[in-house]
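Secondary and tertiary structure notes
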Amino acid sequence: GIAVIKENGLQKAFYSVVHDEIHAPMVDNDDEKSKKEYCSAILRNVVRAAGAPNRAFAKGTEGFADKPGSLSKLKNKFVTELATMQLAMRTGLSYEPSLTALESKQLAGLIEKGPHNLVAMANQSTRIVAYVTINSKAAEKNKEMDTNKTAEVKRTDEKPPKKCIVSKKRPKKVKTVSATR
C-alpha cells in the first residue's frame, strides 16, 4: 500500500508522485474538526494516488496529464472530488469539499453545454473508486496472510530447510559469446 507520512509543521496533506506516498500534517486527537479534515485529506490523496499513471488509468488523472488552467484539469479535479465523496460515503469517513466557487461554476457551465461530460466524469470516478476498493481489499487480505504466516513461524522452532538459506557466495560471472555468421 501507499505509506502515509505524518509530519509536524505541515499545513496541508499532499501526494508525492516521486516517492509514491501521502504526506499529512499531525492531528490533535482532541480536535474533531482537525480529525475530519485529516480523514478527508487522506481520502482525497488516496484517490490522487489511484489516479497516478498506470493505476486506474494509463495516463493518470488530476495533476498527471494536465496543464494548469486547462479544461481537462478542471474535469480531472472534479473526478477526484467525486471519487473522494463516493469513498467517504462507502467508508463512513468525513468529507470536506475542495472545489472553489469558481471551479463549481465552471463545472456547471461545462455540464450545461454537454451533459455527457457529467456521465464521463462519473464513470471515471467510479473506476477510481473500484480501483481503490479492490486494492484495499487485496491489501487487507495480504496483511491477513502475513499475520497468519508470522503466527505459523512463531509456533515453529524448526530451522528453515537448506534451500531457504541464502548463500553468501557471489555467483560466478558468465562470459557471453555471440556467434556471428
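Let me sum up the structure you'll find in this document. (Residues numbered from 1 in each chain as written. Predicted model: local features only at pLDDT ≥ 70, side-chain atom pairs only at ≥ 80, totals over all residues. Heavy atoms only, no water.)

**Details of the sheet that holds strand S2 (residues 14-16)**
Taken together, 3 strands build an open sheet; the order of strands is S1-S3-S2 and the sheet is mixed. In the strand order of this sheet, the two ends are held by strand S1 (3-7) and S2, each with one partner. Averaged over all neighbouring strand pairs, the angle between strand axes comes to 30 degrees, with direction disregarded. Sheet topology note: the S1/strand S3 (residues 21-25) ladder contains 5 bridges and is parallel. Within the sheet, the bridge partner assigned to Ile5 lies in S3 and is His23. Sheet strands in contact with helix H1 (residues 32-50) are S1, S2 and S3, and its direction is about 160 degrees off that of S3. (Pairing = 2+ DSSP bridges. Helix = DSSP H or I, 4+ residues; strand = E, 2+ residues; numbered from the N terminus. Axes fitted to C-alpha atoms, helices over the stretch in contact; angles between N-to-C directions. Contact = heavy atoms within 4.5 Å.)

**Digging into the pattern of salt bridges**
In total, this model carries 2 salt bridges according to the counting rule given. Notably, a salt bridge pairs Glu81 with Arg44, separated by 3.2 Å at the nearest N-O pair. Of this pair, Glu81 sits in helix H2 (residues 71-91) while Arg44 sits in helix H1, placing them 37 residues apart in sequence. Using a relative accessible area of 2% as the deciding quantity, one classes Glu81 as buried. Two residues, Lys77 and Glu103, come together in a salt bridge whose shortest N-O distance is 3.0 Å. One end of the pair, Lys77, is in helix H2; the other, Glu103, is in helix H3 (residues 101-113), and 26 residues separate them in sequence. (Salt bridge = Lys/Arg side-chain N within 4 Å of Asp/Glu carboxyl O. Buried < 20%, exposed > 50% of the residue type's maximum accessible area, 1.4 Å probe, protein only.)

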